[in-house]
Amino acid sequence: GAVVSQHPSRVICKSGTSVKIECRSLDFQATTMFWYRQFPKQSLMLMATSNEGSKATYEQGVEKDKFLINHASLTLSTLTVTSAHPEDSSFYICSARESGDTEAFFGQGTRLTVV
Amino acid sequence: AQSVTQPDIHITVSEGASLELRCNYSYGATPYLFWYVQSPGQGLQLLLKYFSGDTLVQGIKGFEAEFKRSQSSFNLRKPSVHWSDAAEYFCAVERSGGGADGLTFGKGTHLIIQP
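In this text, all values refer to a predicted model and were calculated from it rather than measured experimentally.

**Focus: empty space enclosed by the protein**
Any empty space left between atoms is shown by rolling a water-sized probe over those atoms. Applying the stated criterion across every chain, the model contains 1 cavity of 30 Å³ or more. The space that makes up the largest cavity amounts to roughly 70 Å³. T102(A), A104(A), F34(B), D101(B) and L103(B) are, among the 14 residues lining the largest cavity, the residues nearest its centre. Among the secondary structure elements, those contributing two or more residues to the lining of the largest cavity are β4 (32-38) and β9 (90-97) of chain A together with β5 (33-38) of chain B. Across the lining of the largest cavity, the residue classes tally to 7 nonpolar, 4 polar and 3 charged.

Set out below in structure tokens:
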């Protein structure tokens, strides 16, 4: 089956620093990757959609300069939270989809804590 | 815009009893519908999905769901729950209906299993 690996699973960073989260498709080519954010005991909210080799499309209200998304290869997308603040603490989950497939597969998520 | 409503925030069921989790969606065309399960601190596991065809969909772990267009519903059912089914359940609809877009999630239903 299709496997999506997300790294790290947990990260703690100091306020004002940047942190990078990786999302890899291990056994398929992910032409499209999605990044979601989940606050404690709440639902997942789509942050952005990225297609390989193109700029990401951000959802309304998501700061593209704060949440930098790079999808430079068919197996890797990264989300960088720049100048992190405590309110950025959340659970970030990626999903990846192969061209022509109607299902996207989810990573295990990254718990970000900004102190 | 699409929306997904899961009216029950919490549901408590006795082990061995039947289960039904409700999901209503708002969408103009035939939606792509999904049910996911999330254990604490984990990513999402797909239980089942509906794109077209037979309106009764079988999934993993003994789950099934029925698409009812007239009621805009996609309720999840299981005839006999196990203690390991305790988790958070999310209903989701693919946003554009073409199989290439991100998902809009409901707020989730927390399932508690009583011994």
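Structure shown, so let's carry the discussion forward.
**Here's the deal with unusual backbone geometry**
Note that the residue after H7(A), namely P8(A), is joined by a cis bond; omega there is 0 degrees. The topology assignment puts P8(A) in the loop between β1 (4-7) and β2 (10-13). A positive phi is found at K61(B), a non-glycine position, where the angle reads about 60 degrees. Tracing the chain through its elements places K61(B) in the loop between β7 (56-58) and β8 (64-68). Given a relative accessible area of 45%, K61(B) falls into the partly exposed group. At S72(B), a residue that is not glycine, the phi angle is positive and equals roughly 50 degrees. Along the chain, S72(B) falls in the loop between β8 and β9 (73-78).

**Some words on the interface of chain B and chain A**
At the interface, 21 residues of chain B touch 18 residues of chain A. Here chain B meets chain A over a buried area of about 1,500 Å², counting both sides, of which 51% is carbon and sulfur. Counting the surface chain B buries against chain A, the share from its top three residues, L44(B), R95(B) and F105(B), is 25%. Our count for the contact surface shared by chain B and chain A stands at 1 salt bridge. The partner of K49(B) in a salt bridge is E103(A), and the shortest N-O contact between them spans 2.7 Å. Here chain B and chain A share 5 residue pairs in polar contact (both at pLDDT 80 or more) between them. Here the residues of the side of chain B that touches chain A sort into 10 nonpolar, 7 polar and 4 charged.

**Some thoughts on the pattern of salt bridges**
A full pass over the atoms with the stated rule returns 7 salt bridges over all chains. Among the salt bridges present, the one from K66(A) reaches D88(A), with a minimum N-O distance of 2.9 Å. You can see K66(A) sitting in the loop between β6 (57-58) and β7 (67-73) and its partner D88(A) sitting in the loop between β8 (76-81) and β9, a full 22 residues away along the chain. You'll find K66(A) and D88(A) in the same group, each marked buried. The partner of R22(B) in a salt bridge is D8(B), with the nearest N and O atoms 2.9 Å apart.

Thresholds applied
Residues numbered from 1 in each chain as written. Chains lettered and ligands numbered in written order. Predicted model: local features only at pLDDT ≥ 70, side-chain atom pairs only at ≥ 80, totals over all residues. Heavy atoms only, no water. 1 Å grid on protein atoms, 1.4 Å probe; cavity = no way out; pocket = protein on both sides within 12 Å on 5 of 7 lines; lining within 4 Å. Points joined across faces, edges and corners; volume = space filled by probe spheres on them. Helix = DSSP H or I, 4+ residues; strand = E, 2+ residues; numbered from the N terminus. Nonpolar A, V, L, I, M, F, W, Y, C, P; charged D, E, K, R; others polar. Buried < 20%, exposed > 50% of the residue type's maximum accessible area, 1.4 Å probe, protein only. Contact = heavy atoms within 4.5 Å. Buried area = accessible area lost by both parts, 1.4 Å probe. Salt bridge = Lys/Arg side-chain N within 4 Å of Asp/Glu carboxyl O. Polar contact = N/O pair within 3.5 Å; in protein donor to acceptor, adjacent residues only side chain to side chain.

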